[in-house]
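The residues making up each chain are set out below.
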Amino acid sequence: MTEIRLRFPPSPTGYLHIGGARTALYNWLYARKMGGKLILRIEDTDTERSSEALAQGIIDGLEWLGIDYDEGPYYQTEFAADHRAAAAKLLASGHAYKCFCTKEELEAKRERALAAKLPLGYDRTCRYLTAEEVAAKEAAGLPSVIRFKVPERQGMLGYDDVVLGRIEADYKEIDDFVIVRSDGSPLYLLCNVADDIRDRISHVVRGQDHMTNTLKQVLLYEALEAPLPVFAHIPLTLDNKKAKISKRSHGEVVSVQFYQEMGFLPWAFNNYLVLLGWSPGNDQEFFSRDELIQAFSLERINKSSAVFNYTKGDAKFFTDPKAIAINEHYLRVMPVEELAPLVEERLRAADIWDAAWATEKRDWFLRVIALIRDRFHTLNDFASLGRAYFAEDYVIEEKPLKKNVLPYPDLKTWLPELADRLAALAPFTAENAEETARRMADELGQKPGVLINAMRTAVTGQLAGPSMFDVLLAIGQDKVVSRLRRIDHLFAV
RNA sequence: GUCCUCAUCGUCUAGUCAGGUCCAGGACACCGGCCUUUCACGCCGGCAACACCGGUUCAAAUCCGGUUGGGGACGCCA
């Protein structure tokens, strides 16, 4: 039985985006499920547009997602000798030929074909050159590329795709594609196959934009006398206008790094991605790592493309609402102990981290996280919306101020009075605090909500939050008292 | 233009291969209710789809043909 080997071959000409990450995820899931290997291969043969920084960004993105690989990263440029050897082999065996047509000539032909609404393929001018003609042109110093000689056969060229089924095309429809540039450097179609053969890749899982490339590559495998891998062409991810998503036209929101910065949980993001083109066949939507590996299968990948449901400028959702919903779900249900270090990271970034929260005050820290996480969307919310729990320089928001404080000028005396009463409490418990607040409201002839909501505004700066008395306990008697006494600045606007 | 390919709620999808159990199920979003000091969470309920036409069949989301629509490829990019 042959080993299961998959690869993720990004080209470092851009950032790791949603589509690429999903492709990596599917490859990873299948490799892990089958007990196979995943290989990371950086396809950097386009030296014009590739950069080491971009390659590193992709590697970092995979690491954040938790997509680990067993071999690599390999860099395709390091295997140039293999690619040239493959090209030489094809030339020697008569599967390829030298083409002396210039870019200008080809461009002119292409223009004419476009205008005449004819097929755009190469007209095979150089395919029928005699050995003498080729020698003469070379002697004259004319530059040439190497083209693959597509066999002239009856019937259909095709392959079996795990996702799409049988894919076929007439041999006549396949162009004599270029495999080596005029400067001698081999091109993607060839390099990719040569590498996959050398790396003994058994399954090629990639986007549907490669469907027609695969037809050509099948020919390459055959000419190179190598066994065909299993192909699985996964659906593309489109935007809500059905256009292919790209960093250029969609910006940050399609890059993996954006989700890292926005405070997504890596696993939540994977969980969202896997559902964009695959389903387990039942209603399960949340998976642990092991569950997903177990449930995943190439056969259940969808045929049709998926839409990344992002609306630019949406006031409520900064990305696909489903992605946010999944992130919220994990934020609420994951063990607090696992969440804590991720929150710590965000608090550190916001410069409000206290080392004691990881040691003697760890219990308190975990309790606060458990208390406030229900209302949050991302990790970043802990440092912004949750700031009052961790720092004194929290922001008093406009809305609660206008709704709960400014309409009641008497709060200027009420809140300090309440502060005094709370300061006198021993023990300081949620029950005692509530009792105190309610009794005072009663004495003032006010509804308890007036005091409670004003307290919330003064103590947390927020319009909403957990049960007020749990909040008081979480923030602590001393801080609550001092925040309530400092009420004047609320009216100073 | 040529070729390849896809088509179920606004979005992600189940159901299609083995036609009846589907006047189509789940999730997100949206709307309403319960809970409540607030807002969430949670729970309950609602809105909402088989692209179209024809054929096969007792019976079609499901099989066949066509139409329309979407996507991809057609590079000395990957």
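Residues numbered from 1 in each chain as written. Chains lettered and ligands numbered in written order. Predicted model: local features only at pLDDT ≥ 70, side-chain atom pairs only at ≥ 80, totals over all residues. Heavy atoms only, no water.

(A) Structural context of the packing of helix H10 (residues 266-275) against helix H12 (residues 321-333). With their axes 9 Å apart at the nearest point, H10 and H12 run at an angle of 140° to one another. By the angle class used here, H10 and H12 are oblique. For the element pair H10 and H12, the recorded crossing hand is right-handed. Contacts from Trp267, Ala268, Asn271, Tyr272 and Leu275 of H10 reach H12 at Lys322, Ala323, Ile326, Asn327 and Tyr330. Residue classes in the contact of H10 with H12 are distributed as 7 nonpolar, 2 polar and 1 charged. (Axes fitted to C-alpha atoms, helices over the stretch in contact; angles between N-to-C directions. Helix = DSSP H or I, 4+ residues; strand = E, 2+ residues; numbered from the N terminus. Parallel < 35°, antiparallel > 145°, perpendicular 65-115°, else oblique. Left-handed = near helix turned anticlockwise from the far one by under 90°. Contact = heavy atoms within 4.5 Å. Nonpolar A, V, L, I, M, F, W, Y, C, P; charged D, E, K, R; others polar.)

(B) Examining the sheet that holds strand S4 (residues 96-99) more closely. Overall, antiparallel pairing links the 3 strands, which are arranged S4-S5-S8 in an open sheet. Only two strands of the sheet have a single neighbouring strand rather than two, namely S4 and strand S8 (178-180). Averaged over all pairs of adjacent strands, the angle between strand axes in this sheet comes to 45°, irrespective of strand direction. On the sheet, helix H3 (residues 80-92) packs against S4, strand S5 (145-148) and S8 and is oriented at approximately 95° with respect to S4. (Pairing = 2+ DSSP bridges.)

(C) Spatial organisation of a negative patch on the surface. Where like charges cluster on the molecular surface, the negative patch consists of Glu104, Glu105, Glu107 and Glu111. Looking at the secondary structure, you find Glu107 in helix H4 (residues 103-115). On the basis of relative accessible area, Glu107 is assigned to the partly exposed category, the value being 38%. (Patch = residues over 30% accessible without salt bridge, like charges linked within 9 Å, V, L, I, M, F, W, Y side chains within 5 Å. Areas by Shrake-Rupley, 256 points an atom, 1.4 Å probe, with all protein chains shown as cover. Salt bridge = Lys/Arg side-chain N within 4 Å of Asp/Glu carboxyl O. Lys, Arg positive; Asp, Glu negative; His and termini not counted. Charge placed at Lys NZ, Arg CZ, Asp CG, Glu CD. Buried < 20%, exposed > 50% of the residue type's maximum accessible area, 1.4 Å probe, protein only.)

(D) The arrangement of the side chain of Asn270 in detail. Mapped onto the secondary structure, Asn270 falls in helix H10. Under the relative-accessibility criterion, Asn270 is labelled buried at 1%. Residues contacting Asn270, with those up to four places away along its chain left out, are Leu25, Leu65 and Ile67.

(E) Broad picture of the nonpolar core. Phe269, Phe365, Phe390, Leu422, Met455 and Leu484 are the most contacted members of the largest nonpolar core, which has 146 residues in total. Broken down by element, the residue count for this core peaks at 9 residues, all from helix H1 (residues 18-34). Apart from residues lying up to four places away in sequence, Phe390 is in contact with Leu347, Ile352, Trp357, Trp364, Phe365, Val368, Ile372 and Phe382. (Core = buried A, V, L, I, M, F, W, Y, C linked by side-chain atoms within 4.5 Å.)

(F) Molecular detail of the pattern of salt bridges. Considering all chains together, one arrives at 38 salt bridges under this definition. The closest approach of N and O atoms between Glu3 and Arg200, which form a salt bridge, is 3.2 Å. Taken as a pair, Glu3 in the segment before strand S1 (5-8) and Arg200 in the loop between helix H6 (188-198) and strand S9 (203-207) lie far apart in primary sequence, 197 residues in all. Judged by relative accessible area, which is 35%, Glu3 ranks as partly exposed. Note that Asp160 is salt-bridged to Arg166, the shortest N-O span being 3.4 Å. You can call Arg166 partly exposed: its relative accessible area is 43%. Through salt bridges that share partners, Arg7, Arg41, Glu43, Asp82, Asp195, Asp196, Arg198 and Asp199 make up one connected network.

(G) Quick look at helix H15 (residues 398-405). Burial in H15 covers these residues: Pro400, Leu401, Asn404 and Val405. Seen from one end, H15 has its buried residues packed into an arc of 105°, which puts them on one side. Of the exposed residues in H15, those oriented more than 90 degrees away from the buried face are Glu398, Lys399, Lys402 and Lys403. (Arc of directions from axis to C-beta.)

(H) Expanded view of the domain arrangement of chain A. According to the domain assignment, chain A contains domain 1 (5-74 + 193-238), domain 2 (84-180), domain 3 (335-389) and domain 4 (395-491). The straight-line distance from the C-alpha centre of domain 3 to that of domain 4 is 23 Å. In this assembly, 8 residues from domain 3 lie in contact with 11 residues from domain 4. Ranking the residues of domain 3 by area buried against domain 4 places Leu371, Ala388 and Tyr389 at the top, with a combined share of 57%. Across the contact surface, domain 3 and domain 4 share 0 salt bridges. (Domains from an automatic or database assignment. Buried area = accessible area lost by both parts, 1.4 Å probe.)

(I) Representation of the state of the cysteines. Taken as a whole and judged by the stated rule, the model has 0 disulfides. Of all cysteine sulfurs, the one in Cys101 lies closest to Cys99, which takes part in no disulfide; the gap is 3.8 Å. The class for Cys99 is buried, based on a relative accessible area of 1%. Cys101 forms no disulfide, and the closest cysteine sulfur to it belongs to Cys126, at a distance of 3.6 Å. For Cys101, a relative accessible area of 12% translates into the label buried. (Disulfide = S-S within 2.5 Å.)

(J) Representation of the pairing of S9 within the structure. Burial analysis of S9 places 5 of its 5 residues in the buried class, the great majority of the element. Regarding topology, helix H7 (residues 211-223) serves as the crossover connection from S9 to the parallel strand S10 (residues 230-234), and that connection is right-handed. (Right-handed = clockwise from strand over helix to strand, strands pointing away.)

(K) The packing of aromatic side chains, seen in detail. Evaluated as defined, the whole model comprises 25 aromatic pairs. Note on Tyr259 and Phe264: the rings are 5.2 Å apart at their centroids and 90° apart in plane angle, and the pair reads as edge-to-face. As far as burial versus exposure is concerned, Tyr259 and Phe264 are alike and both buried. On the basis of an interplanar angle of 80° and a centroid distance of 5.5 Å, the ring pair of Trp353 and Trp357 is categorised as edge-to-face. For Trp357, a relative accessible area of 6% puts it in the buried group. Here the guanidinium or amino end of Arg147 rests over the ring plane of Tyr122, the centre of that ring lying 3.5 Å away. Taking NZ or CZ as reference, Arg198 lies 3.6 Å from the ring centre of Phe79, over its face. (Phe/Tyr/Trp six-rings, centres within 6.5 Å; stacked < 30°, edge-to-face > 60°. Lys NZ or Arg CZ within 6 Å of the ring centre and 35° of its normal.)

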